[in-house]
Amino acid sequence: MVLAGFASAVIAGAVKAQSSSAPHRDAANASSAARWTVSSPDASLAWFDLLARLRLPGAGAFAFVVPRDDASVAPLARALAQSRDFEILHFVPLYYPTADRAALVAALRAASRTPAIASAPRAELVTAALTNALSPDARRDRFPELASALEHARAVPPSPAQLAAWQQRLDSVFTPALQPWLQAERLDGGRLIVSPAIGAEGRMFAGTSDRADNIIAVGTGAGDPDAEAPLLAFVRELCFPAVTRAAEHARGFNAADPRSARRASLAAVRCGGDLLDQLLPTRAAAYRAFWLRAAGAPTSASFDVAFPPDPVLQPSLAASLRRVAGLGH
């Protein structure tokens, strides 16, 4: 995602998705050593719960949060909704994944000051991202209140049994089948954060040279009949580097335009279905049914009608998919 742009790809000029045409030296070694790990860390859960209570909007085809009622943060919610610059807040835990809640609070308070000096070495990335995206006045006026609200957030994590079940299916079914794509897109491993407060629009950080240093955050799909809803959401997120790459070279696409963000969001859903058709066809029908439900489509709706190929993005996405065709069989 580019700042204030595509919902689930990499944010800000400081971090960009790696091209699948980049050198793949040591790809096999990276793949054998890397793993996607499912988790629900308290700091991330509390942050996304706060954003859900703030009902923080974002540009995309789906909701960024599962909205919660909380009158105590209503004034702050109204202030944040006035500028799309605050969309960067959707990605704060991904920029500081090692933080516990106290460290994340400290990072926010440090970023509220001018000059903003990171509260710890590992907070430098989130501090830089926030100061690049938001004015000193915006940070001074809003971050102390955000930090205080984060301290008091109460988030209920998925049960250990749920996390273990998702991890088992990820390890035994999804990542083995998707290895050709994971290697091609330099997504060999990372952390899959699952939060009940995240809506159908997930989050992704895939901007470093480390093939295993990737972060994806998705919702739990609470209320969805498919027990593997977070993993079906995960597949769509894996498409966003390719979608972002296609959009960067597409005429008429502007990451700051909500219409472009919506198109990219829908194209990623389509890409995920095509990807599963090639590499994990046993889950392709379930994936399509899940995303039709996420779109609020009737049970009789056609996936191809709800998520048609984007005429501008599809040629590039099809080329990316062709590069891994047959490698998983």
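As a reminder, the structure under discussion sits directly above these lines.
Residues numbered from 1 in each chain as written. Predicted model: local features only at pLDDT ≥ 70, side-chain atom pairs only at ≥ 80, totals over all residues. Heavy atoms only, no water.

Draft legend 1. Molecular detail of helix α14 (residues 314-322). Among the residues making up α14, those that are buried are Q314, L317, A318, S320 and L321. Along α14, the residues classed as buried sweep out an arc of 160° about the axis, all on the same side. Along α14, the residues that are exposed and aim more than 90 degrees away from the buried face are P315 and R322. In this structure, the buried residues of α14 make contact with α8 (160-184), α10 (240-248) and α11 (258-279). (Buried < 20%, exposed > 50% of the residue type's maximum accessible area, 1.4 Å probe, protein only. Helix = DSSP H or I, 4+ residues; strand = E, 2+ residues; numbered from the N terminus. Arc of directions from axis to C-beta. Contact = heavy atoms within 4.5 Å.)

Draft legend 2. Quick look at the pairing of strand β4 (residues 214-219). Here β4 lies mainly inside the structure; six of its six residues are buried. Taking every second residue as pointing to the same face, both faces of β4 are buried, with N214, I216 and V218 on one and I215, A217 and G219 on the other. Looking at chain direction, strand β2 (residues 190-195) and β4 are connected through six bridges and run parallel. By the bridge assignment for β4, V194 is matched with V218. The pairing of strand β3 (residues 203-205) with β4 spans three bridges and is classified as antiparallel. (Pairing = 2+ DSSP bridges.)

Draft legend 3. Just the sheet that holds strand β1 (residues 36-39), in detail. Taking strand neighbours across the sheet as the criterion, the four strands line up as β1-β2-β4-β3 in an open arrangement whose pairing is mixed. Whereas interior strands pair on both sides, the edge strands pair on one side only; in this sheet they are β1 and β3. With strand direction ignored, the average angle separating the axes of adjacent strands in the sheet is 15°. (Axes fitted to C-alpha atoms, helices over the stretch in contact; angles between N-to-C directions.)

Draft legend 4. Geometry of the state of the cysteines. Counted under the stated rule, the structure contains one disulfide. Note that C239 is cross-linked by a disulfide to C271, the S-S spacing being 2.3 Å. As the torsion about the S-S bond is roughly -75°, the C239-C271 disulfide counts as left-handed. In this pair, C239 is assigned in the loop between α9 (229-238) and α10 and C271 in helix α11, connecting sequence segments 32 residues apart. When its relative accessible area of 2% is taken as the criterion, C271 is described as buried. (Disulfide = S-S within 2.5 Å.)

Draft legend 5. Expanded view of the side chain of S260. With respect to the helices, strands and loops of the structure, S260 is situated in helix α11. Taking relative accessible area as the criterion, S260 reaches 2% and is therefore assigned buried. Here the side chain of S260 touches N254 through a polar contact of 3.1 Å, landing on its backbone nitrogen. (Polar contact = N/O pair within 3.5 Å; in protein donor to acceptor, adjacent residues only side chain to side chain.)

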